[in-house]
Amino acid sequence: MRVIFQDRRKTGHLDLEAIEMAVRSAMHHAGAAALTELLQFPTPASEQRRLPCSCGQHAIYRELRSKPVLTAVGKVGISRPYYLCPHCHAGQFPIDVELDIEDTEFSPGVRRMQAVVGQEAPFDHGRQQMKLLAGLEVTTKAVERTAEAIGADIAAHEQEEIRRAVQLDLPIVIGEPVPILYVEMDGTGVPVVKKETVGRQGKIAGQSAHTREAKLGGVFTQTKCDAAGYAIRDSDSTTYVGAIETAEEFGKRLYLEAWNRGWSRAKKKVVLGDGAEWIWNLADQHFPGAIQIVDLYHARQHLWELARKLHPNDETNQKRWMEFHQDLLDHGKMKKLTVALRSIDTNNPEVADKLRIEADYFHRNALRMRYPKFRRQHLFVGSGVIEAGCKTVIGSRLKQSGMFWTLRGANAIIALRCCQINARFEDYWEARRAA
Ligand SMILES: [Zn+2]
């Protein structure tokens, strides 16, 4: 270092960035040397050369074995006792378990970094961040493997909690009453590798699917409305859960999240979503007693589709038609709206079909479209929170061009990402360390 400084002084030019990076690298080297020293474990004393094996027999100390481990200060070498069971031939490194480096060549500190960068952006981007921010060289594959392994572990913990929830074994969450608690859900397609869509029908008839639907749920609270009476979401109150899974599995997941967020002590409960059938099935099953609201903007979209079918390429008449019918919708006059739709005469069978389907849609969801009533209670009537969530939680990370996921990989990253966005990753990691 002194040489560098003297040299720079002579030339009269100090390149601070070059120097700070060189210093960091030197600190890493010194730190790695010290760590390596610390990680040379001695041969066990003669009375410590037998360990219980999971097969019920005993593993016997064989020798000291070494492996490289990448730590926050770079590559170090660890040497520790190796035990082998003569009965079942299972080997073990008790020190690795203690240090949390079992079956991995990355230290806990480095794995935490890999998980954080891996959930945030494409894995190769994560690799570059590790290099720039931490001065650590890892492969793109290593970021992927570690982030997915940690995500899978988070998902496994959640499954365990869900299992307990299903057995009604949930601890009562003590806390202040929640004035209004919202549960929103939606689905969004995630591009997957071919084997994950074998035998599945795509959106276009006759074509195979190349996406799978990730279901995303959001839970948030509301305590206030603005001067005009419009609902205001409590800032930072939204938490998300998600996975590519069946509606049945997802229902349990979302129920657990709502429970943890105070469902049982909410004074008013609301479920908001678009018209998808699975959403309302789940709402009936898991959230009985909640006010059900169909997103107003989705409902309007349904009307727009009709307007375009009835008056193709005729914007003036589309708008005129909308004015009248949207007014009925916005004012919750669902009976009038369905009657109006059913009384429209057409000799185009396709349009007639569409009219019937949409009239049924509005009829079926009429109770969920009592917008004036919901507005009087200062409730949200749009599911913007979950739609934004689909973009920020799922889309921005999993739907970038060129990405194709396995279900396992996608679900691990969704679990990790939700954990991070819900500000629970630190807790998870600390709990893991304590375990
Ligand atoms: Zn054994």
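Please refer to the structure higher up on the page.
All residue numbers refer to position in the chain's written sequence, counted from 1. With the structure being a predicted model, the display of local features is reserved for residues of pLDDT at least 70 and the display and counting of side-chain atom pairs for 80 or more, all residues being used for whole-chain, interface and lining totals. Based on all heavy atoms of the structure, the side-chain values leave hydrogens and waters out of the count.

Undergrad: Now, about the packing of helix H6 (residues 140–166) against helix H15 (residues 407–421): what can you tell me, with residues and values included?
TA: Here an axis means a line fitted to C-alpha atoms, over the contact stretch when the element is a helix, while the angle between two N-to-C directions is reported on a 0 to 180 degree scale. Strands here are runs of E lasting at least two residues and helices are runs of H or I lasting at least four, both read from the DSSP assignment and numbered beginning at the N terminus. Contact pair H6 / H15: the axes reach a minimum separation of 7 Å and the direction vectors enclose 75 degrees. Put simply, H6 runs roughly perpendicular to H15. Contacts between H6 and H15 involve Ala 147, Glu 148, Ile 150, Gly 151, Ala 152, Ile 154, Ala 155 and Glu 158 from the former and Gly 409, Ala 412, Ile 413, Ala 415, Leu 416 and Cys 419 from the latter. Looking at the contact of H6 with H15 residue by residue, the classes come out as ten nonpolar, two polar and two charged. Throughout, the term roughly parallel applies to angles under 35 degrees, roughly antiparallel to angles over 145, roughly perpendicular to angles from 65 to 115, and oblique to all others. Any two residues whose heavy atoms approach within 4.5 Å at even a single point are treated as in contact. Basically, the charged four are Asp, Glu, Lys and Arg, the nonpolar ten are Ala, Val, Leu, Ile, Met, Phe, Trp, Tyr, Cys and Pro, and anything else, Gly included, counts as polar.

Undergrad: Please set out the packing of aromatic side chains residue by residue, giving values where relevant.
TA: Side-chain rings of Phe, Tyr and Trp, where Trp is taken by its six-membered ring, are said to pair if the distance between their centres is within 6.5 Å; with planes under 30 degrees apart they count as stacked, over 60 as edge-to-face, and otherwise as tilted. On inspection of all chains with the given rule, the structure shows 15 aromatic pairs. On the numbers, 4.7 Å between centres and 5 degrees between planes, the contact of Tyr 182 with Phe 220 is stacked. On the criterion of sequence distance, the pair formed by Tyr 182 in strand S5 (residues 178–191) and Phe 220 in strand S6 (residues 211–225) is long-range, its members being 38 residues apart. A 1.4 Å probe rolled over the protein chains alone gives each residue an accessible area, and that area as a share of the maximum for its type sets the label: buried under 20%, exposed over 50%, partly exposed in between. Tyr 182 gets classed as buried once you look at its relative accessible area, which sits at 0%. Taking relative accessible area as the criterion, Phe 220 reaches 0% and is therefore assigned buried. With 5.3 Å between their ring centres and 75 degrees between their planes, Tyr 182 and Phe 380 make a pair best called edge-to-face. Pair noted here: Tyr 182 is in strand S5 and Phe 380 is in the loop between helix H13 (371–376) and helix H14 (384–398), with a separation of 198 residues, a long-range link. Judged by relative accessible area, Phe 380 falls into the buried class, the value being 19%. Each residue in the set Tyr 255, Trp 259, Trp 263 and Phe 287 is aromatic and connected to the rest through ring pairs, giving one cluster.

Undergrad: Kindly report on the coordination of the zinc ion, identifying the contributing residues and their values.
TA: Taken together, Cys 53 (SG), Cys 55 (SG), Cys 85 (SG) and Cys 88 (SG) make up the protein donors of the zinc ion, found 2.3 Å from the metal. Each metal's donors are the N, O and S atoms within 2.8 Å of it, or within 3.2 Å when it is Na, K or Ca, and because water is not part of the set, sites may look incomplete. A four-donor site is classed as tetrahedral when every donor-metal-donor angle falls between 85 and 135 degrees; four donors are called square planar, and six octahedral, when trans pairs exceed 155 degrees and all remaining angles lie between 65 and 115, with any other arrangement labelled irregular. One way to put it: the four donor atoms around the zinc ion meet at angles of 102 to 115 degrees, and that makes the site tetrahedral. The motif formed by the donor residues of the zinc ion, counted along the single chain, is C-x1-C-x29-C-x2-C. With a relative accessible area of 39%, Cys 55 lands in the partly exposed category.

Undergrad: Which residues make up the pairing of strand S3 (residues 74–84), and what are the values?
TA: When a strand is regular, its side chains alternate between the sheet's two faces. Burial analysis of S3 places nine of its eleven residues in the buried class, which makes it a mostly covered element. Strand pairing is assigned whenever DSSP identifies at least 2 bridges connecting the two strands. Of the pairings in the sheet, the one linking strand S2 (residues 58–71) to S3 comprises eleven bridges and is antiparallel in character. Following the sheet pairing, Leu 64 is matched in S3 by Pro 81. Where S3 folds back onto strand S4 (residues 91–92) in an antiparallel hairpin, the turn is made up of six residues, including His 89, whose phi is positive at roughly 60 degrees.

Undergrad: Requested: an account of the packing of H6 against helix H16 (residues 425–434), with residues and values cited.
TA: Direction vectors running N to C along H6 and H16 enclose 85 degrees, while the axes themselves pass 12 Å from each other. As far as their axial angle goes, H16 and H6 are roughly perpendicular. Listed contacts from H16 to Ile 150, Asp 153, Ile 154 and His 157 of H6 are Phe 425, Tyr 428, Trp 429 and Arg 432. By residue class, the composition of the contact of H6 with H16 is five nonpolar, one polar and two charged.

Undergrad: Which residues make up the environment of Thr 36, and what values do they have?
TA: Relative to the helices and strands, Thr 36 resides in helix H2 (residues 16–38). The class for Thr 36 is partly exposed, based on a relative accessible area of 25%. In the structure, Thr 36 is positioned 365 residues away from Ser 401 in sequence and 42 Å away in space, judged by C-alpha atoms. Apart from residues no more than four positions distant in its own chain, Thr 36 is found in contact with Val 76 and Gly 77.

Undergrad: How would you summarise the sheet that holds S4 if you had to cite specific residues and measurements?
TA: Across the sheet, four strands lie side by side as S1-S2-S3-S4; this open sheet has antiparallel pairing. The open sheet has two edge strands, strand S1 (50–52) and S4, and neither has a second partner. Those strands touched by H2 are S2 and S3, and its axis lies near 10 degrees from that of S3.

Undergrad: Hey, could you go over the side chain of Glu 257 for me, with residue numbers and the actual values?
TA: Position of Glu 257 relative to the elements: it lies in helix H7 (residues 247–260). Glu 257 gets classed as buried once you look at its relative accessible area, which sits at 5%. The contacts of Glu 257, once residues within four sequence positions are left out, are Val 219, Thr 239, Val 241 and Arg 424.

Just distances and angles here, no functional claims.
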